[in-house]
Amino acid sequence: MCFVSQFRSGSVTETTKCHVCLRPTQQPVCNYTDLQTGEPWFCYKPKNLSCDARILHLRAGYQQITAMDQLFQRGVNMKVSIPASGPAGVTVLPKKKDNSEESSNSVGPGPSGYYYQGVWRALDDTTVHQFNTPSAITQCLKGKVVHLYGDSTIRQWFEYFIATVRDLKEFNLHSEKKVGPFMALNYENNIMVTYRVHGPPLHFTKVPTSELRYIANELDNVIGGRNTVVVIGIWAHFCTFP
């Protein structure tokens, strides 16, 4: 996938290619690596503008499929043994008689799990309550601040809450339609729901650079508490949290 950035100063506008890693050329590079997370991001420097003139992150399309990719799509090189480049072997040790195996397979508390027959099942056997009606969802969210972070999949949950939860109204932040940030409030039940998109690489058509935020940095700014819920990427049974 290809990404570009738009640079603008006055009446001058330029667009250059960007990515996590760029091929070395004679063209200078703008380094936008995040200082806190260390996440790399680079753009070729525009010819007539500075790196500080960057205003938009854009999806530029998809890279051409290579011959190797076409082989994978046709299944030519699927399930084909790949020989080792050097000495190779597998050593099977006898099973230990203590509880080391049991302890290694144990799963600590957390949201890890899977969907089966339309129901989320936690790996630690935690009972997961179902919230299938507007009133049940409202009762689950009552008194809570819910922060949603991710892509368009998690944004659709924000939109679902707006459409489903009674009196949960979106506060107009004049944000880009698909990018956000978004916020919704329900004063009667003391509910606040927010959404923010993740940082690059970001597969959206147009994102202002002022809204390019890495989730790790956003989490540092979340004021936690008993009734604060953070959901990243998926919605998975967060209503079981206190």
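Predicted model, so just to flag it, every value in this text is computed and none were measured.

1. Focus on the sheet that holds strand β11 (residues 191-197)
Consideration 1: Overall, mixed pairing links the five strands, which are arranged β9-β10-β11-β8-β13 in an open sheet. Bordering the open sheet on either side are β9 (169-171) and β13 (228-232), each of which pairs with just one other strand. Put simply, the sheet's adjacent strands are angled 20° from each other on average, direction ignored.
Consideration 2: Taken together, the three bridges between β9 and strand β10 (residues 182-186) define a ladder with antiparallel strand orientation. Note on β10: the bridge partner recorded for lysine 169 is leucine 185.
Consideration 3: Lying over the sheet, helix α4 (residues 152-164) contacts β8 (145-150), β9, β10, β11 and β13, oriented at roughly 155° with respect to β11.

2. Observations concerning unusual backbone geometry
Consideration 1: Each neighbour pair has its own omega, and for glycine 180 with proline 181 the value is 5°, a cis peptide bond.
Consideration 2: Checked against the element boundaries, proline 181 lands in the loop between β9 and β10.
Consideration 3: You will see that aspartate 167, though not glycine, has its phi angle at about 65°, which is positive.
Consideration 4: Positionally, aspartate 167 belongs in the loop between α4 and β9.

3. Quick notes on the packing of aromatic side chains
Consideration 1: In total, this model carries six aromatic pairs according to the counting rule given.
Consideration 2: Relative to tryptophan 41, the ring of phenylalanine 3 has its centre 5.7 Å away and its plane inclined at 65°; by these criteria the two rings are edge-to-face. Linking phenylalanine 3 in strand β1 (residues 2-9) with tryptophan 41 in the loop between β3 (29-31) and β4 (42-44), this pair joins segments that are 38 residues apart in sequence. Each member of the pair, phenylalanine 3 as well as tryptophan 41, carries the same accessibility label: buried.
Consideration 3: Centroid distance tryptophan 157 to phenylalanine 161: 6.2 Å. Interplanar angle 40°. Geometry classified as tilted.

4. A word on the pairing of β8
Consideration 1: When you tally the buried positions in β8, you get five out of six residues, the bulk of the element.
Consideration 2: Two elements, β8 and β11, share six bridges in a ladder whose sense is parallel. Across the sheet, valine 146 pairs through a bridge with valine 193, a residue of β11.
Consideration 3: Pairing geometry for β8 and β13, over five bridges, is parallel. Paired with histidine 147 across the two strands is valine 230, which belongs to β13.

5. Comments concerning the pattern of salt bridges
Consideration 1: With the rule as written, the count across this model stands at six salt bridges.
Consideration 2: We note a salt bridge from arginine 166 to aspartate 167, for which the minimum N-O separation is 2.6 Å.
Consideration 3: Each of Arg196, Glu211, Arg213 and Glu218 takes part in a single network of salt bridges with overlapping partners.

6. Regarding the side chain of threonine 164
Consideration 1: Within the secondary structure, threonine 164 sits in helix α4.
Consideration 2: In this structure threonine 164 comes out as buried when scored by relative accessible area, which is 18%.
Consideration 3: Not counting chain neighbours up to four residues away, the residues in contact with threonine 164 comprise Pro134 and Ile137.

7. Topic: a nonpolar patch on the surface
Consideration 1: Together, Tyr114, Tyr116 and Leu123 line one region of the surface with nonpolar side chains, adding up to about 310 Å² of accessible area.
Consideration 2: Leucine 123 gets classed as partly exposed once you look at its relative accessible area, which sits at 42%.

8. Points about the state of the cysteines
Consideration 1: Summed over all chains, the structure comprises two disulfides.
Consideration 2: Disulfide pairing is shown between cysteine 18 and cysteine 43; the S-S distance is 2.0 Å. With the S-S dihedral at roughly 110°, the linkage between cysteine 18 and cysteine 43 falls on the right-handed side. One end of the pair, cysteine 18, is in strand β2 (residues 12-19); the other, cysteine 43, is in strand β4, with 25 residues separating them in the sequence. This pair shows no difference in class: cysteine 18 is buried, exactly as cysteine 43 is.
Consideration 3: Through a disulfide, cysteine 30 is tied to cysteine 51; the S-S separation comes to 1.9 Å. Between cysteine 30 and cysteine 51, the S-S dihedral sits near -85°, and the bridge is therefore left-handed. With cysteine 30 in strand β3 and cysteine 51 in the loop between β4 and β5 (54-61), the pair connects residues that are 21 residues apart, well separated along the chain.
Consideration 4: Take cysteine 30: its relative accessible area is 1%, and that puts it in the buried class.
Consideration 5: Residue cysteine 51 is classed as partly exposed on the basis of its relative accessible area, which comes to 23%.

Thresholds applied
- Residues numbered from 1 in each chain as written.
- Predicted model: local features only at pLDDT ≥ 70, side-chain atom pairs only at ≥ 80, totals over all residues.
- Heavy atoms only, no water.
- Pairing = 2+ DSSP bridges.
- Helix = DSSP H or I, 4+ residues; strand = E, 2+ residues; numbered from the N terminus.
- Axes fitted to C-alpha atoms, helices over the stretch in contact; angles between N-to-C directions.
- Contact = heavy atoms within 4.5 Å.
- Phe/Tyr/Trp six-rings, centres within 6.5 Å; stacked < 30°, edge-to-face > 60°.
- Buried < 20%, exposed > 50% of the residue type's maximum accessible area, 1.4 Å probe, protein only.
- Salt bridge = Lys/Arg side-chain N within 4 Å of Asp/Glu carboxyl O.
- Patch = residues over 30% accessible without salt bridge, like charges linked within 9 Å, V, L, I, M, F, W, Y side chains within 5 Å.
- Areas by Shrake-Rupley, 256 points an atom, 1.4 Å probe, with all protein chains shown as cover.
- Disulfide = S-S within 2.5 Å.

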